[in-house]
Each structure stands twice: as C-alpha cells, then as structure tokens.
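Descriptive structure summary
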Amino acid sequence: MTNSEILSNYLKNHGVKPSIQRLKIYEILRNNVTHPTADEIFNHLVKEIPTLSLATVYNTMHLFEQKELVRIINIENHQARFDWNMKPHGHFQCNVCGTIYDIEIDTNQMNINELDEYQLEESHFYFKGLCKTCLNK
Ligand SMILES: [Zn+2]
Ligand SMILES: [Zn+2]
C-alpha cells in the first residue's frame, strides 16, 4: 500500500470520506510536526489545489476533530493549531523560532488531589522558553 492509501483507509476507519482535499490536509498534519494553523495548511496547499478555500480547511479540521483524528491546541491566544497526535502529551513552544515541540508527559505520575472533586474532560500542558536549536546558536 502507498502512503496515501494507508492514510485514506485511516480516514475511512474514522468515518471520514477521503476526498483529495481531506487526504492532502491530513497528510500535511502527519508530516508537519510544528502543529500548523488553518492558515498555514491553506498556504501550503493552495498552489497544489487552487480550488481550495480557507473555509474548507476550517471545516475539514473541525470534522477531523469531531471524528477524533486531530486535537485543537490553543497555545497562543486566538490561534488554533491542529495536532494529529491523540496521545496525551504536552507542548513546548520556543519563544525565538516559534516551533512547537511535543513533550511526553506521564499523567499517571501526577497526583493532583484537588482535581478529584471535578469531572475532568480535557487537560493541556504548555511550556515556553528556548529550544535546543536556538540555545545552540
Ligand atoms: Zn527555537
Ligand atoms: Zn502535539
């Protein structure tokens, strides 16, 4: 199977009809580790798919979110970014280059007793600072 056949099956298994546009959008997410915004995805694809609109990108991302193919992260104000990594993890954003890295977090190791009284529906862990690449410059 080719890579796009694998991704196409993956979308189908999540109840998403794999149109060319959806497939391309999902492909970018899988290949782009920096958690792109809808604008970034749009700019990346519009040369290849001139009929694509920003609204389509947004609609696709929200469909993907509903079908649990992506998570939306809001590490910056008013800027939704899309993350295909559905495993629990945190994020580190570099204040210099802006890159967002996945940080492994073992939530089972955390004892936050105060949370026992609440029904937890989501949790987000954000860290900011300087990444290794920028530190070494
Ligand atoms: Zn950096
Ligand atoms: Zn992530």
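Residues numbered from 1 in each chain as written. Chains lettered and ligands numbered in written order. Predicted model: local features only at pLDDT ≥ 70, side-chain atom pairs only at ≥ 80, totals over all residues.

This part is about the sheet that holds strand 4 (residues 100-104). Across the sheet, 3 strands lie side by side as 4-3-5; this open sheet has mixed pairing. In this open sheet, the two strands that pair with only one neighbour each are strand 4 and strand 5 (126-129). Within this sheet the neighbouring strands show an average axis-to-axis angle of 30°, counted without direction. Direction of pairing for strand 3 (residues 89-94) relative to strand 5: parallel, over a ladder of 4 bridges. In the sheet register, His91 faces strand 5, and the bridge partner there is Tyr126. (Pairing = 2+ DSSP bridges. Helix = DSSP H or I, 4+ residues; strand = E, 2+ residues; numbered from the N terminus. Axes fitted to C-alpha atoms, helices over the stretch in contact; angles between N-to-C directions.)

What follows covers the domain arrangement of the protein chain. Per the domain assignment, the segments making up the protein chain are domain 1 (3-83) and domain 2 (89-135). Using C-alpha coordinates to define each centre, domain 1 is positioned 23 Å away from domain 2. In this complex, domain 1 contributes 5 residues to the contact, which on the side of domain 2 involves 6 residues. When its residues are assigned to classes, the side of domain 1 that touches domain 2 shows 2 nonpolar, 2 polar and 1 charged. (Domains from an automatic or database assignment. Contact = placed C-beta atoms within 7 Å. Nonpolar A, V, L, I, M, F, W, Y, C, P; charged D, E, K, R; others polar.)

Of all 11 residues in helix 1 (residues 3-13), 1 are buried, a share of ten percent or less. Just past helix 1, the residue Gly15 takes up positive phi, approximately 75°. (Buried ≥ 20, exposed ≤ 12 C-beta atoms within 10 Å, placed from the backbone.)

Once that is clear, we can look at the nonpolar core. If you look at the biggest cluster of nonpolar residues, it comprises 12 residues: Ile25, Tyr26, Leu29, Ala38, Ile41, Leu52, Val57, Met61, Phe64, Leu69, Val70 and Phe82. Every element with two or more residues in this core is listed here: helix 2 (20-31), helix 3 (38-45) and helix 4 (54-66). Each residue touching Leu69, except ones within four places of it in the same chain, is listed here: His14, Val16, Tyr26, Phe64 and Trp84. (Core = buried A, V, L, I, M, F, W, Y, C linked by C-beta atoms within 7 Å.)

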